[in-house]
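Chains, contacts and geometry: an overview
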Amino acid sequence: SEPPSWAWRRGRILCHLLLSPGLAGPLRWLENCLRRAAGDREEDGERGGAHLGGLRGRGPADGSPHPGVSHPVPLVPLTEENEDAMEDRRFRSLLRQLGLRPPASEQESFWRIPAALTPQQLRRAAASIAHRGPPGSPQDLPEPPRCPQD
(Lines give C-alpha, C1' and ligand atoms only; values in the text may rest on other atoms or scores of the structure.)
Protein backbone atom coordinates (compact mmCIF):
# COMPACT_ATOMS: atom_id res chain seq x y z
CA SER A 1 0.00 0.00 0.00
CA GLU A 2 1.05 3.63 -0.32
CA PRO A 3 2.73 5.55 2.51
CA PRO A 4 0.29 7.49 4.75
CA SER A 5 1.74 10.80 3.56
CA TRP A 6 0.64 10.05 -0.04
CA ALA A 7 -2.86 9.10 1.03
CA TRP A 8 -3.12 12.28 3.12
CA ARG A 9 -1.74 14.41 0.30
CA ARG A 10 -4.07 12.90 -2.31
CA GLY A 11 -7.03 13.37 0.05
CA ARG A 12 -6.07 17.00 0.62
CA ILE A 13 -5.78 17.68 -3.13
CA LEU A 14 -9.08 15.90 -3.78
CA CYS A 15 -10.78 17.97 -1.11
CA HIS A 16 -9.55 21.19 -2.75
CA LEU A 17 -10.53 19.95 -6.22
CA LEU A 18 -14.03 18.97 -5.14
CA LEU A 19 -14.53 22.40 -3.59
CA SER A 20 -13.14 24.23 -6.64
CA PRO A 21 -15.73 25.68 -8.98
CA GLY A 22 -15.79 23.91 -12.32
CA LEU A 23 -13.84 20.78 -11.32
CA ALA A 24 -16.64 18.43 -10.23
CA GLY A 25 -17.51 17.70 -13.87
CA PRO A 26 -13.90 17.03 -14.93
CA LEU A 27 -13.45 14.72 -11.92
CA ARG A 28 -16.53 12.73 -13.01
CA TRP A 29 -15.15 12.66 -16.58
CA LEU A 30 -11.78 11.39 -15.33
CA GLU A 31 -13.46 8.75 -13.14
CA ASN A 32 -15.51 7.60 -16.15
CA CYS A 33 -12.42 7.43 -18.38
CA LEU A 34 -10.55 5.31 -15.82
CA ARG A 35 -13.50 2.93 -15.41
CA ARG A 36 -13.96 2.61 -19.18
CA ALA A 37 -10.26 1.89 -19.69
CA ALA A 38 -10.42 -0.78 -16.95
CA GLY A 39 -13.46 -2.39 -18.58
CA ASP A 40 -11.88 -2.28 -22.02
CA ARG A 41 -8.68 -3.89 -20.74
CA GLU A 42 -10.63 -6.63 -18.98
CA GLU A 43 -12.62 -7.30 -22.18
CA ASP A 44 -9.44 -7.47 -24.20
CA GLY A 45 -7.87 -9.86 -21.71
CA GLU A 46 -10.89 -12.16 -21.97
CA ARG A 47 -10.96 -11.96 -25.79
CA GLY A 48 -7.22 -12.02 -26.22
CA GLY A 49 -7.61 -9.03 -28.53
CA ALA A 50 -5.47 -5.91 -28.53
CA HIS A 51 -6.33 -2.36 -27.66
CA LEU A 52 -5.00 0.45 -29.77
CA GLY A 53 -5.58 3.83 -28.24
CA GLY A 54 -8.40 2.44 -26.13
CA LEU A 55 -10.67 1.70 -29.08
CA ARG A 56 -13.06 -1.22 -28.71
CA GLY A 57 -13.16 -3.93 -31.32
CA ARG A 58 -9.47 -3.97 -32.11
CA GLY A 59 -7.90 -7.38 -32.36
CA PRO A 60 -5.86 -9.73 -34.49
CA ALA A 61 -8.42 -9.64 -37.32
CA ASP A 62 -7.83 -5.93 -37.89
CA GLY A 63 -4.07 -6.19 -38.06
CA SER A 64 -3.16 -5.20 -34.52
CA PRO A 65 0.50 -6.07 -34.03
CA HIS A 66 0.30 -7.58 -30.51
CA PRO A 67 -2.87 -9.44 -29.51
CA GLY A 68 -3.69 -9.16 -25.80
CA VAL A 69 -1.39 -6.17 -25.20
CA SER A 70 -2.76 -2.97 -23.68
CA HIS A 71 -1.75 0.38 -25.11
CA PRO A 72 -1.69 3.83 -23.54
CA VAL A 73 -5.08 5.57 -23.74
CA PRO A 74 -5.08 9.34 -24.37
CA LEU A 75 -7.28 11.52 -22.15
CA VAL A 76 -8.88 13.81 -24.73
CA PRO A 77 -10.84 16.64 -23.09
CA LEU A 78 -13.76 17.26 -25.44
CA THR A 79 -15.38 20.04 -23.43
CA GLU A 80 -14.07 23.46 -22.48
CA GLU A 81 -14.61 22.59 -18.81
CA ASN A 82 -12.36 19.51 -19.13
CA GLU A 83 -9.77 21.44 -21.16
CA ASP A 84 -9.64 24.08 -18.42
CA ALA A 85 -9.19 21.36 -15.78
CA MET A 86 -6.26 19.88 -17.72
CA GLU A 87 -4.56 23.30 -17.40
CA ASP A 88 -5.15 23.40 -13.63
CA ARG A 89 -1.97 22.68 -11.64
CA ARG A 90 -3.86 20.81 -8.90
CA PHE A 91 -5.75 18.66 -11.42
CA ARG A 92 -2.46 17.74 -13.16
CA SER A 93 -0.97 16.90 -9.77
CA LEU A 94 -3.86 14.51 -9.16
CA LEU A 95 -3.31 12.92 -12.60
CA ARG A 96 0.34 12.28 -11.67
CA GLN A 97 -0.63 10.83 -8.29
CA LEU A 98 -3.04 8.45 -10.03
CA GLY A 99 -0.19 7.17 -12.21
CA LEU A 100 -1.19 8.93 -15.43
CA ARG A 101 1.53 10.44 -17.57
CA PRO A 102 1.83 13.83 -19.24
CA PRO A 103 2.55 14.20 -22.95
CA ALA A 104 5.99 12.68 -23.53
CA SER A 105 7.07 14.97 -26.36
CA GLU A 106 5.94 17.70 -28.73
CA GLN A 107 4.33 14.93 -30.80
CA GLU A 108 1.89 14.09 -28.01
CA SER A 109 -0.82 16.56 -27.02
CA PHE A 110 -2.68 14.59 -24.37
CA TRP A 111 -2.11 12.98 -21.00
CA ARG A 112 -2.28 9.19 -21.16
CA ILE A 113 -3.45 6.27 -19.09
CA PRO A 114 -0.30 4.09 -19.22
CA ALA A 115 -0.55 0.57 -20.64
CA ALA A 116 1.08 -0.79 -17.48
CA LEU A 117 -1.90 0.12 -15.25
CA THR A 118 -4.04 -2.96 -14.64
CA PRO A 119 -7.85 -2.92 -14.61
CA GLN A 120 -7.73 -3.30 -10.82
CA GLN A 121 -5.40 -0.29 -10.46
CA LEU A 122 -7.62 1.76 -12.77
CA ARG A 123 -10.73 0.87 -10.79
CA ARG A 124 -8.99 1.78 -7.51
CA ALA A 125 -7.91 5.12 -9.01
CA ALA A 126 -11.48 5.79 -10.22
CA ALA A 127 -12.90 4.89 -6.81
CA SER A 128 -10.43 7.23 -5.10
CA ILE A 129 -11.81 10.22 -7.01
CA ALA A 130 -15.47 9.21 -7.06
CA HIS A 131 -17.46 12.11 -5.63
CA ARG A 132 -20.18 10.95 -3.33
CA GLY A 133 -22.23 13.68 -1.76
CA PRO A 134 -22.98 13.81 1.96
CA PRO A 135 -25.78 11.56 3.26
CA GLY A 136 -29.16 12.81 2.10
CA SER A 137 -27.79 14.74 -0.89
CA PRO A 138 -29.03 13.94 -4.39
CA GLN A 139 -26.94 11.28 -6.10
CA ASP A 140 -28.54 11.81 -9.51
CA LEU A 141 -25.61 13.59 -11.07
CA PRO A 142 -25.74 13.98 -14.85
CA GLU A 143 -23.94 11.31 -16.84
CA PRO A 144 -20.35 12.46 -17.46
CA PRO A 145 -19.22 13.02 -21.03
CA ARG A 146 -17.96 9.86 -22.70
CA CYS A 147 -14.29 9.28 -23.29
CA PRO A 148 -13.17 9.58 -26.93
CA GLN A 149 -12.66 5.81 -27.19
CA ASP A 150 -16.42 5.17 -26.70
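Refer to the preceding data block for the structure.
Fair warning: this is a prediction, and the values are worked out from it, not measured in the lab.

With that settled, the discussion passes to the overall build of the protein. Scanning the protein for helices and strands turns up five helices and two strands. In the protein, the succession of helices and strands from N to C terminus is α-α-β-α-α-β-α. In the protein, buried positions account for 39% of the 150 residues. The contacts in the protein between residues at least 6 apart in sequence include a share of 65% that link residues at least 24 apart.

A grouping of Glu80, Glu81, Glu83, Asp84 and Glu87 is seen on the molecular surface, where their side chains present a negatively charged patch. If you trace the backbone, Asp84 turns up in helix H3 (residues 80-87). Assessed through its relative accessible area of 48%, Asp84 is described here as partly exposed.

Right, let's get into the pattern of salt bridges. Going through the model one piece at a time under the given rule, you end up with five salt bridges. Between Arg35 and Glu31 there is a salt bridge whose closest N-O contact spans 3.1 Å. In this pair, Arg35 and Glu31 are both assigned in helix H2 (residues 24-47), four residues apart and thus about one turn of the helix distant. Given the relative accessible area of 31%, Arg35 is considered partly exposed. Residue class for Glu31 comes out buried when judged on its relative accessible area of 10%. Here Arg101 makes a salt bridge to Glu108, at a shortest N to O gap of 3.1 Å.

Rules behind the numbers
Residues numbered from 1 in each chain as written. Predicted model: local features only at pLDDT ≥ 70, side-chain atom pairs only at ≥ 80, totals over all residues. Heavy atoms only, no water. Helix = DSSP H or I, 4+ residues; strand = E, 2+ residues; numbered from the N terminus. Buried < 20%, exposed > 50% of the residue type's maximum accessible area, 1.4 Å probe, protein only. Contact = heavy atoms within 4.5 Å. Patch = residues over 30% accessible without salt bridge, like charges linked within 9 Å, V, L, I, M, F, W, Y side chains within 5 Å. Areas by Shrake-Rupley, 256 points an atom, 1.4 Å probe, with all protein chains shown as cover. Salt bridge = Lys/Arg side-chain N within 4 Å of Asp/Glu carboxyl O. Lys, Arg positive; Asp, Glu negative; His and termini not counted. Charge placed at Lys NZ, Arg CZ, Asp CG, Glu CD.

Fair warning: the whole summary comes from geometry, so function is off the table for now.
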